[in-house]
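Each chain is listed here by its residues.
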Amino acid sequence: MKKFASCEKIISFVLLFFKIQVLGMKIIMSISGLLLCAVAVTAQTKVEKVVPTKASGDGVTYSLPVTSFIVNAEVTKVAVKAGPYYRYAERYLGIRDVVTEDAVHYELGKVTLTSKGVPDPNNVYKIEFKQKTVAPFACLTPDGLLCSINTDYVPEEQAQEAGAEKGKAAIPPPSSVYTEELLMAGSIARQAEVAAKQIYHLRESRTDILTGDADNLPPDGEAMKIVISKLEEQERALTVLFTGSETRETEWFDVSVLPEDELEHEVLFRFSSKQGILDADDLGGEPVYMNLTALERAPEPDPKEAEKKAKLPRGIVYNVPGKARVEIIRNNKTLVKREVPFVQFGTQETLLPVLLEDKKEPVKVIFYPETGAIKQITK
């Protein structure tokens with residue numbers, strides 16, 4: 001008898017669960033739940049190993065960079081949609097804060113700044129390797145920026161999130177969320193009343209299960225979690241018909257800047273809460289500014305020193321960057337403030353070619369390709 005009673009209890013639970021599943025299918029199948037689509041795009045610097053040949057005159061040609069900036073702005077489009085029963089939300093559910101009309105607005109999120117080296121066509125040089133030097137080579141980026149000499153260069157990986165983020169349930173189409181009872185209710189007011197009763201019934205069912213007062217309780221904790229989850233899904237689906245919904249879509253925009261000198265209140269782009277990101281010359285949005293201030297600037301070259309350098313043997317020309325402070329501002333609020341190496345405020349120096357002429361133990365040099373400065377010199 002005990003076994004039979006136990007089986008009967010399990011069958012009753014299965015039937016209850018099946019009913020919940022069916023009701024859930026009617027209400028939830030058309031609900032757009034939280035959808036997060038974030039794609040991690042790994043942008044690794046590609047490096048090419050270049051070996052001098054007779055055709056190249058036993059040398060390798062490279063470019064020195066100038067500093068550019070990439071400003072990345074996160075913009076979220078927020079769309080709110082009123083539910084068909086929003087007028088009855090306070091009467092039946094006691095909820096006042098509901099969406100009463102469809103609307104779209106934009107939010108400006110995180111703004112980031114990245115430095116990038118861009119080849120300078122006015123500063124192209126050649127590394128000349130002496131004949132019989134032990135396995136001479138250089139590593140260059142695909143656009144010709146110098147990474148290393150006589151040693152392999154391992155670039156640092158940089159990951160940036162991109163994609164679209166959509167959140168918060170959208171209103172389901174009426175044809176798929178209305179149950180038979182709702183469809184037969186007739187007027188909108190009557191439908192709202194029926195939907196509210198269903199919400200309260202779902203809440204009572206959940207409370208009875210949690211307190212152990214339900215006639216047919218789930219046999220174990222895992223089954224209880226499933227049943228409670230289904231009840232909550234159904235309640236949310238019906239509540240959205242009163243409160244309305246919100247959908248968020250996030251995109252990322254890049255703005256490239258190549259300054260020649262200091263900048264003051266340079267408009268990067270404009271932002272509108274109604275239209276999102278706008279061009280710098282579009283007066284429909286408020287401006288987002290960039291300030292660039294020199295912190296360390298190379299002194300003007302002395303004519304005599306320049307003459308002495310010109311008489312030195314041709315070597316490896318590299319950059320000694322200056323330093324700049326970059327600020328990005330919106331509505332008198334600082335979004336970004338950084339101190340960065342800045343090639344345009346610096347100068348150039350030369351490594352003597354004798355360093356590369358040691359046939360037994362040639363010097364190994366590693367550079368910062370984004371600035372053209374020396375990172376490390378070893379043997």
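Described below are features of the structure shown in this document. (Residues numbered from 1 in each chain as written. Predicted model: local features only at pLDDT ≥ 70, side-chain atom pairs only at ≥ 80, totals over all residues. Heavy atoms only, no water.)

What about the overall build of the protein?
We count it as follows: Secondary structure elements follow DSSP: runs of H or I no shorter than four residues count as helices, runs of E no shorter than two count as strands, and numbering proceeds from the N terminus. When accessible area is computed with a 1.4 Å probe and restricted to protein chains, residues below 20% of their type maximum are described as buried, those above 50% as exposed, and intermediate ones as partly exposed. The contact criterion used throughout is that any non-hydrogen atoms of two residues lie within 4.5 Å. Surface accessibility follows the Shrake-Rupley procedure with a 1.4 Å probe radius. Residue values consider only the protein chains on display as shielding.
Along its length, the protein carries 7 helices and 15 strands. In the protein, buried positions account for 37% of the 379 residues. The long-range share in the protein, meaning contacts at least 24 apart out of those at least 6 apart in sequence, stands at 76%. Approximately 22,800 Å² of the protein is accessible, and the part contributed by carbon and sulfur atoms is 52%.

Things to note about helix α5 (residues 188-211)
Condition: Every helix has an expected span of 1.5 Å times one less than the residues it contains.
Under the 1.5 Å per step criterion, the end-to-end length of α5 is 35 Å for 24 residues, consistent within 8% with the ideal 34 Å. Directly beyond the C-terminal end of α5, a positive phi value near 85° is found at Gly212.

Focus: the pairing of strand β13 (residues 333-351)
Put simply, the test is: At least two bridges found by DSSP between two strands is the condition for calling them paired.
Sheet analysis places strand β12 (residues 316-330) next to β13, joined by 14 bridges and oriented antiparallel. Paired with Ile328 across the two strands is Val336, which belongs to β13. Where β12 hands over to β13, the hairpin turn is made up of 2 residues, of which Asn331 adopts a positive phi near 55°.

Focus on the packing of α5 against helix α6 (residues 221-243)
Formally: The angle between two axes is taken between their N-to-C directions and runs from 0 to 180 degrees, where each axis is a line fitted to C-alpha atoms and a helix contributes only its stretch in contact. With respect to orientation, any angle under 35 degrees is reported as roughly parallel, any angle over 145 as roughly antiparallel, any angle of 65 to 115 as roughly perpendicular, and every other angle as oblique. Crossings are sorted by hand: turned counterclockwise from the far helix by less than a right angle, the near helix makes the crossing left-handed, and turned clockwise it makes it right-handed.
Where α5 contacts α6, the two axes come as close as 9 Å, and the packing angle between them is 160°. As summarised for this structure, α5 and α6 are arranged roughly antiparallel, according to the angle between their axes. At the point where α5 passes α6, the crossing takes the left-handed sense. For the pair formed by α5 and α6, the contact residues are Ala192, Ala195, Ala196, Gln198, Ile199, Leu202, Arg203, Ser205, Arg206, Ile209 and Leu210 on the first element and Met224, Val227, Ile228, Leu231, Glu232, Gln234, Glu235, Leu238, Thr239 and Phe242 on the second.

Digging into a nonpolar patch on the surface
Where we set the bar: The residues that make up patches have over 30% relative accessible area and no salt bridge, and they are joined within 9 Å when like-charged or within 5 Å when they are Val, Leu, Ile, Met, Phe, Trp or Tyr. Every case where a carboxyl oxygen of Asp or Glu lies within 4 Å of a side-chain nitrogen of Lys or Arg is listed as a salt bridge.
The grouping of Leu352, Val354 and Leu355 at the surface amounts to a nonpolar patch, some 230 Å² of accessible area in total. With respect to the helices and strands, the residue Val354 is situated in the loop between β13 and β14 (364-368). Residue classification places Val354 among the exposed residues on the basis of a relative accessible area of 52%.

Considering the nonpolar core
Formally: By nonpolar core we mean a set of buried residues, namely Ala, Val, Leu, Ile, Met, Phe, Trp, Tyr and Cys, connected to one another through side-chain atoms within 4.5 Å.
Of all hydrophobic cores here, the largest spans 24 residues; its most connected members are Phe69, Val71, Leu113, Met290 and Ile328. For this core, the elements supplying multiple residues, two or more each, are β3 (59-81), β4 (103-128), β8 (245-257), β9 (263-272), β11 (286-296), β12 and β13. Apart from the residues lying within four places of it in its own chain, the contact partners of Met290 are Phe69, Val71, Leu113, Val257, Leu263, Glu264, His265, Glu266, Leu268, Val326 and Glu327. Counting 18 residues, the second largest nonpolar core, distinct from the first, contains Ala89, Val98, Ile228 and Leu238.

Focus on the environment of Pro119
For Pro119, the position within the fold is in strand β4. Pro119 gets classed as partly exposed once you look at its relative accessible area, which sits at 26%. Expressed as a C-alpha distance, the spacing of Pro119 and Leu145, which sit 26 residues apart in the sequence, is 6.5 Å. Not counting the four nearest positions on each side in its chain, Pro119 is found in contact with Ser63, Leu64, Pro65, Asp143 and Leu145.

Points about α6
Relative to the 33 Å expected for 23 residues at 1.5 Å per residue, α6 spans 32 Å between its end C-alpha atoms, a close match to the ideal helical length. Two residues or fewer past α6, Gly244 is found with a positive phi of approximately 90°.

What to know about unusual backbone geometry
For His265, which is not glycine, the phi torsion reads 55° and is therefore positive. Note that His265 resides in strand β9. Judged by its relative accessible area of 45%, His265 is partly exposed. Positive phi is not limited to glycine here, since Asn331 has a value of about 55°. Looking at the element boundaries, Asn331 is found in the loop between β12 and β13. Looking at Asn331, the relative accessible area reads 53%, which means it is exposed.

Some remarks on the sheet that holds β3
Across the sheet, which stays open at both edges, the 3 strands sit in the order β4-β3-β8 with antiparallel pairing between neighbours. Across the chains shown, the open sheet's two edge strands, defined by having one partner strand only, are β4 and β8. Here the average twist between neighbouring strands, direction ignored, is 15°. As judged from the 13 bridges shared by β3 and β8, these two strands associate in the antiparallel manner. Pairing of Val71 across the sheet is with Val255, part of β8.

Side note on the side chain of Ser68
Topologically, Ser68 is positioned in strand β3. Non-local contacts of Ser68, meaning those with residues more than four positions away in its chain, are made with Thr114, Ser115, Lys116, Val118, Val257 and Leu258.

Overview of the pattern of salt bridges
Within this structure, the stated rule accounts for 11 salt bridges. Of the charged contacts, one joins Arg96 and Glu90 as a salt bridge, the two residues approaching to 3.0 Å between their closest N and O atoms. For Arg96, a relative accessible area of 70% gives the class exposed. On the accessibility criterion, Glu90 (45% relative accessible area) is partly exposed. One salt-bridge network, in which partners are shared between bridges, spans Glu107, Glu246 and Arg248.

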